[in-house]
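The residues making up each chain are set out below.
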Amino acid sequence: MSDIIEGRNPVIEALKAGREIDKILVAEGAAEGSVKKILAMASEKNIVIQKVARAKLDQISTSDSHQGVIAYVAAYDYSDLETVLDQVEARGEKPFVILCDEITDPHNLGSIIRTADAVGAHCVVIPKRRSVGLTAVVAKTSAGALEYVPVCRVTNLSQSIEMLKKRGLWIAAAEMEGNVAHFEADLTGSIALVIGSEGQGISRLVKSHCDFLVQIPMKGKVSSLNASVAASILMYEVFRQRYGKQT
């Protein structure tokens, strides 16, 4: 499935049809006629709009007829976070949620989704802004896990964390300066793990909403782990504490 829709009318029709659109790129200086309509429709739907040089659109385009507009569409539909939690609680299970704070590498997100499926996590949450969406690369890297793991896209990660707290989840953040090793923390209850971005880690605002910070002890010279590797280690610690040798 293509990740992009090119041209003004195709993008308008995608917006009308309610397609899951991650962001829309618009050529700088273009704001007349149908472009103005696209901007208004996207704003109403709270879709990210980025103004870029026309040369950038030329580089991305595969049809050579983008008309100054390219939309990035999701390869899969997003799920609603509260609906997922309702379903989990209806089954009598303790929620296990993965929160990704500004993960921009599609390979990392795909790998996180793949591991989330392996450990029985109930969903993966990503923010609408400054995060990769469900692109074809993410889908391919997940190796089919996207068929089974709901991905929820939220407007504000900090607000979503507060909602999770009200629903009884503890929020644990992966942090190099955490005050407890991941294998010493109690991760047996309803839990949400926060994984930071590849370069900046967890943002200060998101970190301030977390209940506790866990660190992955390291002895080598490299100061940090790849985001998907760190996520896998923490997810499997939750799995170990929940299920032990049971599968």
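From a predicted model like this one, the values you see are computed outputs, not experimental measurements.

Cut-offs applied
All residue numbers refer to position in the chain's written sequence, counted from 1. Since the coordinates come from a predicted model, pLDDT governs what is reported: local features require at least 70, and pairs of side-chain atoms require 80 or more to be given and counted, while whole-chain, interface and lining totals use all residues. For the side-chain quantities, the full set of heavy atoms in the structure was used; hydrogens and water were omitted. Note on pairing: DSSP must find at least two bridges between two strands before they are called paired. Numbering of helices and strands runs from the N terminus, with a helix taken as a DSSP run of H or I at least four residues long and a strand as a DSSP run of E at least two residues long. The salt bridge criterion pairs a side-chain nitrogen of Lys or Arg with a carboxyl oxygen of Asp or Glu, the two atoms within 4 Å. Burial status follows relative accessibility: with a 1.4 Å probe on protein chains alone, a residue under 20% of its type maximum counts as buried, one over 50% as exposed, and anything between as partly exposed.

Visitor: Sorry if this is basic, but what is going on with the pairing of strand S11 (residues 212-215) here?
Guide: Two faces make up the sheet, and in a regular strand the side chains alternate between them. Sheet analysis places strand S8 (residues 170-174) next to S11, joined by three bridges and oriented parallel. Opposite Ala-173, over in S11, you have Leu-213 as the bridge partner.

Visitor: I would appreciate a short explanation of the pattern of salt bridges in the present structure.
Guide: It is possible for side chains of opposite charge to pair when their charged atoms get near one another. In total, this model carries 11 salt bridges according to the counting rule given. Put simply, Glu-13 and Lys-16 hold a salt bridge, and the shortest N to O gap is 3.7 Å. Taken as a pair, Glu-13 and Lys-16 lie in helix H1 (residues 8-17) at a separation of three residues, close to a single helical turn. Taking the shortest distance from any N to any O, the salt bridge between Asp-22 and Arg-153 comes out at 2.9 Å. A residue pair is termed long-range when its members are at least 10 positions apart, and Asp-22 in strand S2 (residues 21-27) and Arg-153 in strand S7 (residues 151-154) qualify at 131 residues. No difference in accessibility class separates Asp-22 from Arg-153, as the two residues are buried. Put simply, Glu-82, Asp-86, Glu-89 and Arg-167 are held in one network by salt bridges that share partners.

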